[in-house]
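Examination of the molecular architecture
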Amino acid sequence: TIFTRKGNDILVDLPVHFVTATLGGKVEVPTLKGKTSVKIPEGTQHDRILRLKGIGAPALKRTQIGDQLIRVKIQIPTKLSAQQRELLSAFAEESDLSGESSGEGIFNKVKNIFD
């Protein structure tokens, strides 16, 4: 099942490559009226909901139409080449994602701010 109805809104899970989620970009998403292009903002997080106004389901006995909700599902590669692994490791080190590069963990960094 591609679509799930939530009242007048239509929900669809959209797989997005982690690079697109990080850098932003455009992707195609299925709607009840066909495919449309959607902008993925830079830094989009897993399970973020994007809204397309007015392309959901019609309300019963009303002229009101719901929205399409797009739940972003970040795709993480399961296999990396040696070069991809090296680039991601360099990124992590430069970004100090682990707190281990400088030998100082995140808790010590926060503690040192207040000392």
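Right, let's walk through the structure included here. (Residues numbered from 1 in each chain as written. Predicted model: local features only at pLDDT ≥ 70, side-chain atom pairs only at ≥ 80, totals over all residues. Heavy atoms only, no water.)

A word on unusual backbone geometry
We note that Asp47 has phi near 70 degrees; this positive angle belongs to a residue other than glycine. Along the chain, the position of Asp47 falls in the loop between strand E4 (34-40) and strand E5 (49-52). Judged by its relative accessible area of 37%, Asp47 falls in the partly exposed class. (Helix = DSSP H or I, 4+ residues; strand = E, 2+ residues; numbered from the N terminus. Buried < 20%, exposed > 50% of the residue type's maximum accessible area, 1.4 Å probe, protein only.)

Brief notes about the nonpolar core
As a rule of thumb, soluble globular proteins bury nonpolar side chains together. Formed by 14 residues in total, the largest nonpolar core has its most connected members in Leu14, Val29 and Ile70. Put simply, the parts of the chain that give this core at least two residues each are strand E2 (9-17), strand E3 (25-31), E4, E5 and strand E6 (68-75). Once you skip the residues sitting within four places of it in the chain, Leu14 turns out to touch Val27, Glu28, Val29, Ile40, Ile70, Arg71, Val72 and Lys73. (Core = buried A, V, L, I, M, F, W, Y, C linked by side-chain atoms within 4.5 Å. Contact = heavy atoms within 4.5 Å.)

Observations concerning the side chain of Asp67
Along the chain, Asp67 turns up in the loop between E5 and E6. For Asp67, a relative accessible area of 12% translates into the label buried. One polar contact links the side chain of Asp67 to the main-chain amide nitrogen of Gly54, over a distance of 2.9 Å. If near-sequence neighbours (up to four positions away) are discounted, Asp67 is found in contact with Asn8, Asp9, Ile10, Arg51, Leu52, Lys53, Gly54, Ile55 and Gly56. (Polar contact = N/O pair within 3.5 Å; in protein donor to acceptor, adjacent residues only side chain to side chain.)

With respect to the pattern of salt bridges
Taken as a whole and assessed by the stated rule, the structure comprises 3 salt bridges. Between Lys73 and Asp47 there is a salt bridge, with the nearest N and O atoms lying 2.5 Å from each other. Here the residue Lys73 occupies a position in strand E6, and Asp47 occupies one in the loop between E4 and E5, the gap between them amounting to 26 residues. For Lys73, a relative accessible area of 25% corresponds to the partly exposed category. (Salt bridge = Lys/Arg side-chain N within 4 Å of Asp/Glu carboxyl O.)

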